[in-house]
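An overview of the molecular structure
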Amino acid sequence: MELLLAAGIGILTAVGLYLVFRAHTFPVILGLTFLSYAVNLFLFAMGRLAIDRPPVIVPDAAAYTDPLPQALVLTAIVISFGMTALIVVLALRGFLETGSDSSHLDAPRGGKGDAS
Amino acid sequence: MTPAISALDHAIILPVLLPALTAAFLVLALRHHLRRERIVSLAATGLLLALAIVLFALASDGTVRAYRLGDWPAPYGITLVLDRLSATMLLLTAVLAGCVLIYAAGGVDGRGRHFHPLFQFQLMGINGAFLTGDVFNLFVFFEVMLIASYGLMLHGGGPGRLKAGFQYVAINLLASAVFLVGVGLIYAVTGTLNMADLAVKVPQVAPADAALLKTGALLLFLVFATKAALVPLHWWLPATYAGTSAPAAALFMIMTKVGAYAIIRVYGLVFGAGAGPLALAAAPFVMPAALATLVVGTIGLVGSRKLRDLSAFAVIASMGTLLIAVGLFDVEGLSAGLYYLVHSTLAGAALFLIAGIVQEQRGAASDRLIPAPAMGGETLLGGLFFLAAIALVGLPPLSGFIGKVMILQAVRTCAIWPWIWAAILGASLLMTFGFARAGSVLFWASGPVSERKPLPALPGLAAVVLLLAAIVGWALAAGPATQALSLAARQALDRNSYIEAVLLPGAPAASEK
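Residues numbered from 1 in each chain as written. Chains lettered and ligands numbered in written order. Predicted model: local features only at pLDDT ≥ 70, side-chain atom pairs only at ≥ 80, totals over all residues. Heavy atoms only, no water.

With that settled, the discussion passes to the overall build of chain B. Within chain B one finds 19 helices and two strands. For 513 residues, the compact-globule estimate of 2.2 N^0.38 gives 24 Å, and chain B sits close to it at 22 Å. In terms of overall dimensions, chain B has a C-alpha envelope of 75 × 60 × 40 Å along the principal axes. Sorting the 513 residues of chain B into buried and exposed places 63% on the buried side. For chain B, restricting intrachain contacts to residue pairs at least 6 apart in sequence, the fraction spanning at least 24 positions comes to 79%. When the accessible area of chain B is evaluated, it comes to approximately 17400 Å², of which 71% is carbon and sulfur surface. (Helix = DSSP H or I, 4+ residues; strand = E, 2+ residues; numbered from the N terminus. Rg over C-alpha atoms; globule rule 2.2 N^0.38 Å. Buried < 20%, exposed > 50% of the residue type's maximum accessible area, 1.4 Å probe, protein only. Contact = heavy atoms within 4.5 Å. Areas by Shrake-Rupley, 256 points an atom, 1.4 Å probe, with all protein chains shown as cover.)

This is the structure:
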């Protein structure tokens, strides 16, 4: 199980990093999503892998699994969900206003829309 | 059983609560009334300033105060910690926020929606990051601060700003992912994320786990270095700061300092000199990166073609100088660094606000460093620019000079100090050229005044004058300020009093002599 989980995290991270380094906004967003999945799994695994153990107190339980990583993962999921929504909107606005989904600052500096 | 805490101790959580409640009130009740939004936002920031002064006075007795939310004991509950260092940072944030808000109230806040709620949420995140005593909460407050900063960065809109904003958001999401991996590694090895508890457990780590823990610590360092714009992780900063509105860029001055603060906190305390096998884990990387940052910032500054780009590179150069001092991880270096930190935050913000005014006044030429028709209020603006430039370059008599001299003295303990002196002094010389070139093009190489031009808006000028007055005051108060900051630096590097205050609340308060 450890090997499976580790390989899964590794593959997700590799895919995420590859996509983040693309030059267009959509692959970058997908890459960030993959990375956040990898990070969530990683956080989950940091409390050690255990099967059939309760996280909170049960009178007849022999051993417990660590509940804290689950709380941390929940926080991380909420934050990454909100962030993904934000960056999707940002990419869409950028696409609609500039007509390209390049993530580079190609436009000559000081050009149109630069005045604040 | 923990001792009952006084009402004054509850004030520790108010710098987080006050902006949070203000922001919610603004967005729910006043979102269609810009004028009322301004009044409430300014009043709340004024209150925050008063609160920061109270907390600063509270912290100046030398006690480290831990505030346990819900009175849960320390390693389990959420802890906020107030000491001299965090109180100083809170005060600086409040002063900066007040000046920036006065500028924004001059009209920039009306160019998009929800400027004031975003501003307050950002203050909440910054204050929280300065107060938290827990690495995961540091992550959460970083995120609060960043989410608000995304909104502020994009405020006012425009395609250029959207592109720069996408990069800024993407870089920070990547940094957040790395932050979580680092936090995960640290938790997996030590089983805790409370900074005081970490400071106890890190020195006792089993030799087999030391490498894993160090990996986690260095991943965290990467994140803080990104926030602090250390080379080679600084590329996001010029596009972001030059791409956003003047008040947003001025407020962001404190965000790079949050990165520097996190480096001081985590690598001065948790992985500090007393951390056994992991002592000073990040120290070998800070100094070379800081020197490279100074060099890159200076070269960028000389090569800039717009005043806002120049300001952004001046920020990078000042972060380099600051982290050279922090990278010493001793009391003298840290107190010099803190003095310079306050100075560079105020001076950088003043420069960005001046760039904003210049941009408004010059119309089509914007802030590009090309000759253009004379602008209204040129003499006054030129004078203010001159003062801000002197402050940032570090020429006497302003506080930049005092800060740099203190840093030069502090690095004498370092083996490579001649190189550091050469870098800092050479960079100052080049920065003088850069600023002189920009100033002479902007304020002298202008055509004759054809018609009467309007003077700059009063709130903007007032904000710049206030910031510059604060810099002058900071130079005049250099004596008492360095004494206080020296105590703050000593306290920040003292593991035992921090650990006692957070983990052993029943023990007699650890007070310094």
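Residues and elements named next belong to chain B. This structure, assessed with the given rule, holds 20 aromatic pairs over all chains. Aromatic side chains Phe 136 and Phe 139 sit 5.5 Å apart centroid to centroid with 40 degrees between the ring planes, which places their arrangement in the tilted category. Of the two residues, Phe 136 and Phe 139 are both situated in helix 5 (residues 135-154); the distance of three residues between them amounts to about one turn of the helix. Among the residues examined, Phe 136 registers a relative accessible area of 7% and is labelled buried. Between Tyr 267 and Phe 271, the aromatic rings sit 5.9 Å apart at their centres with planes inclined by 25 degrees, giving stacked as the arrangement. Arg 412 extends its terminal NZ or CZ atom over the ring of Trp 417, reaching a point 4.2 Å from the ring centre. (Phe/Tyr/Trp six-rings, centres within 6.5 Å; stacked < 30°, edge-to-face > 60°. Lys NZ or Arg CZ within 6 Å of the ring centre and 35° of its normal.)

This part is about the interface of chain A and chain B. Counting from both sides, the interface comprises 39 residues of chain A and, opposite them, 40 residues of chain B. For the pair chain A and chain B, the summed buried surface comes to about 3400 Å²; carbon and sulfur atoms form 72% of the total. Linking chain A to chain B there are zero salt bridges. Counting across the interface, chain A meets chain B through one residue pair in polar contact (both at pLDDT 80 or more). Considering every element that reaches the side of chain A that touches chain B, the biggest residue donor is helix 3 (residues 68-98) of chain A, with 15 residues. Residue composition of the side of chain A that touches chain B, grouped by class: 21 nonpolar, eleven polar and seven charged. (Buried area = accessible area lost by both parts, 1.4 Å probe. Salt bridge = Lys/Arg side-chain N within 4 Å of Asp/Glu carboxyl O. Polar contact = N/O pair within 3.5 Å; in protein donor to acceptor, adjacent residues only side chain to side chain. Nonpolar A, V, L, I, M, F, W, Y, C, P; charged D, E, K, R; others polar.)

Residues and elements named next belong to chain B. Position of Asn 137 relative to the elements: it lies in helix 5. Assessed through its relative accessible area of 13%, Asn 137 is described here as buried. Once you skip the residues sitting within four places of it in the chain, Asn 137 turns out to touch Ile 78 and Thr 132.

Now for the pattern of salt bridges. Residue and element names in this part refer to chain B. This model, assessed by the stated rule, comprises eight salt bridges over all chains. Arg 68 is the partner of Asp 71 in a salt bridge, and the nearest nitrogen-oxygen pair spans 3.8 Å. When salt bridges with common partners are traced through the structure, they connect Asp 9, Asp 61 and Arg 65 into a single cluster.

All names here are of chain B. Residue position: Thr 88 is located in helix 3 (residues 84-104). Accessibility expressed as a relative area gives 13% for Thr 88, which makes it buried. Residue contacts for Thr 88: discarding those within four places in its chain leaves Phe 56 and Leu 485.

Attention now moves to the packing of helix 11 (residues 283-303) of chain B against helix 16 (residues 417-443) of chain B. Residue and element names in this part refer to chain B. Where helix 11 contacts helix 16, the axes come no closer than 8 Å and their chain directions differ by 20 degrees. It follows that helix 11 is roughly parallel to helix 16 by the angle criterion. The chirality of how helix 11 crosses helix 16 is left-handed. Along its contact with helix 11, which presents Met 287, Leu 291, Leu 294, Thr 298, Leu 301, Val 302 and Gly 303, the element helix 16 presents Ile 420, Ala 423, Ile 424, Ala 427, Leu 430, Met 431, Gly 434, Phe 435 and Arg 437. Class assignment for the residues of the contact of helix 11 with helix 16 results in twelve nonpolar, three polar and one charged. (Axes fitted to C-alpha atoms, helices over the stretch in contact; angles between N-to-C directions. Parallel < 35°, antiparallel > 145°, perpendicular 65-115°, else oblique. Left-handed = near helix turned anticlockwise from the far one by under 90°.)

What follows deals with helix 3 of chain B. For helix 3 of chain B, which comprises 21 residues, the first-to-last C-alpha distance of 30 Å matches the rise-based estimate of 30 Å (1.5 Å per residue) to within 8%. Counting buried positions over the 21 residues of helix 3 of chain B gives 19, a clear majority of the element. (Expected span 1.5 Å × (residues − 1).)

Moving on, we come to the nonpolar core. Residues and elements named next belong to chain B. If you look at the biggest cluster of nonpolar residues, it comprises 216 residues, and the most contacted ones within it are Phe 179, Phe 224, Tyr 241, Tyr 267, Phe 271, Ile 324 and Phe 435. The element that contributes the greatest number of residues to this core is helix 10 (residues 246-270), accounting for 19 residues. Setting aside its immediate chain neighbours within four residues, Ile 324 contacts Met 287, Ala 290, Leu 291, Leu 294, Ile 407, Val 411, Ile 420 and Ile 424. (Core = buried A, V, L, I, M, F, W, Y, C linked by side-chain atoms within 4.5 Å.)

Take the environment of Val 266 of chain B next. Residue and element names in this part refer to chain B. Note on placement: Val 266 falls in helix 10. Given the relative accessible area of 2%, Val 266 is considered buried. Between the C-alpha atom of Val 266 and that of Ala 325, which follows or precedes it by 59 residues, the distance is 16 Å. When near neighbours in sequence (up to four residues on either side) are disregarded, Val 266 contacts Phe 224 and Phe 271.

Turning our eyes to something else, we now look at the confidence of the model for chain B. Mean pLDDT over chain B stands at 87; residues scoring 70 or higher make up 96%. Taken as a whole, residues 508-513 of chain B scores under 50 in pLDDT and shows 13 contacts with residues more than four places along the chain or in a different chain. (pLDDT = per-residue confidence, 0-100.)

Take the packing of helix 6 (residues 159-190) of chain B against helix 9 (residues 236-243) of chain B next. Residue and element names in this part refer to chain B. With their axes 9 Å apart at the nearest point, helix 6 and helix 9 run at an angle of 135 degrees to one another. On the basis of their axis angle, the class for helix 6 and helix 9 is oblique. Relative to helix 9, helix 6 is oriented so that their crossing is left-handed. Residues Arg 161, Ala 164, Gln 167, Tyr 168 and Ile 171 of helix 6 form the contact with helix 9, whose own contacting residues are Trp 236, Ala 239, Thr 240 and Gly 243.

Residue and element names in this part refer to chain B. Locating Ala 388 in the fold gives a position in helix 14 (residues 378-393). Given the relative accessible area of 0%, Ala 388 is considered buried. Sequence-wise, Ala 388 and Glu 143 are 245 residues apart; in three dimensions their C-alpha atoms are separated by 31 Å. Those residues within four positions of Ala 388 in sequence are excluded, and the remaining contacts are Leu 351, Ile 354 and Leu 468.

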